[in-house]
Amino acid sequence: MPLSRSLDDASIVLTGASSGIGTATAYALARRGAAVVLAARSEQALERVASHCRELGGRALAVPTDVTDPVAVERLAARAAEEFGHLDAWVNNAAVSAVGLFDEIPVGEFRRVLEVNLLGAAYGMKAALPYLDAAGGGVLVNNASVLAEVAMPYQSAYNATKNGIRGLADTVRQELRVTGRGNISVCTVLPASTDTPFFRHAANHTGRELVPPPPVYSPEVVAETIVRMLRRPRREAYAGGAARLIGAQWRLAPALAERALGWYAHRTQFGPAGRLDSAGSVFVADAAAERDGGWHGRRRQLVRMTAAVGLAAGTAVGTMAAMHRRTRMDR
């Protein structure tokens, strides 16, 4: 495989392309001359994104697709190869969430989150592999989350799917290597909280407004991480410095980090009370084609740094205290 892949004229399928990280990634790829095949449930939103991709200098094809339908995902892959003559990369980005206590999330919504996030990624990988193999190699990128490595309360279904995506990617990477198909790279992106409409679109059973826990990064931060992985594939990459920091804390002192992050998320991911239960866009597509969620992820550098340092300091203090207690007990 080449050390660095050119994206000029590359054919890339991108799911979840109608908003947020998907839209930002589509624009980043279009600026580099790629041919992007945009997939999501809303044709109206996809056409708006496709039009702007063409304005940016890329080629774009909108293919409305529900990633929970494996037949539809197979058609998506076939359409991409037919339209552009080859398929060079596939980005699994589609995701939904149902937020609330585990025992209060409706079973149907919980199932739908698993179907979209985890099965949707599996169907995408399965559909892409034959075309990537036929093209002599390629790249599969799965947009997981830092929640594939750590956990956050009120996000049980989402946490479960992101852990599943990471495990699936690791397994498929091993299988490709041992069967002589190492020219196909499988990559996982682990973003921190991102300024997208995701929290507004989530099913909400908390009785409060949902907001992303700071530090919050712009969708362009994640998009550029995905672009780098497409050009220079690597096993995993964090998007946003806080994701790397939180992951390191979790590995260093998992029990303490779990408590600290649970406390932090419990106090920072909710706005005003009084909101009625809603299924959000878990079952119904959103047609807004919005890239950001209005959380000012690009501009609040000081807030990001302060929140990250505060969380790190709390975990570090707890870790030092635990080590000190163990040292005293060993004497």
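Preceding block: the structure.
Residues numbered from 1 in each chain as written. Predicted model: local features only at pLDDT ≥ 70, side-chain atom pairs only at ≥ 80, totals over all residues. Heavy atoms only, no water.

Engineer: So, the overall build of the protein chain: which residues are in play, and what are the values?
Structural biologist: When you go through the protein chain residue by residue, the secondary structure sums to 10 helices and 11 strands. A buried classification covers 55% of the 331 residues belonging to the protein chain. Residue pairs at least 24 apart in sequence account for 77% of intrachain contacts in the protein chain once pairs closer than 6 positions are excluded. Counting every atom, the protein chain has about 14700 Å² of accessible surface; 55% of that belongs to carbon and sulfur. (Helix = DSSP H or I, 4+ residues; strand = E, 2+ residues; numbered from the N terminus. Buried < 20%, exposed > 50% of the residue type's maximum accessible area, 1.4 Å probe, protein only. Contact = heavy atoms within 4.5 Å. Areas by Shrake-Rupley, 256 points an atom, 1.4 Å probe, with all protein chains shown as cover.)

Engineer: Tell me about the side chain of threonine 68, and name the residues and values.
Structural biologist: Looking at the element boundaries, threonine 68 is found in the loop between strand S3 (59-62) and helix H3 (70-84). Given a relative accessible area of 19%, threonine 68 falls into the buried group. Polar contacts involving the side chain of threonine 68 include one to the side chain of aspartate 66, which spans 2.8 Å. A polar side-chain atom of threonine 68 sits 3.4 Å from a polar atom in the side chain of arginine 112. Residues in contact with threonine 68, not counting those within four places in the same chain, are Arg112, Glu115, Val116 and Tyr123. (Polar contact = N/O pair within 3.5 Å; in protein donor to acceptor, adjacent residues only side chain to side chain.)

Engineer: Kindly report on the side chain of asparagine 143, identifying the contributing residues and their values.
Structural biologist: By secondary structure assignment, the location of asparagine 143 is in strand S6 (residues 138-143). Judged by its relative accessible area of 6%, asparagine 143 falls in the buried class. Looking at asparagine 143, its side chain comes within polar contact range of the side chain of asparagine 93, at 2.8 Å. Apart from the residues within four sequence positions on either side, asparagine 143 is in contact with Ile21, Asn92, Asn93, Lys162, Val189, Pro191 and Val222.

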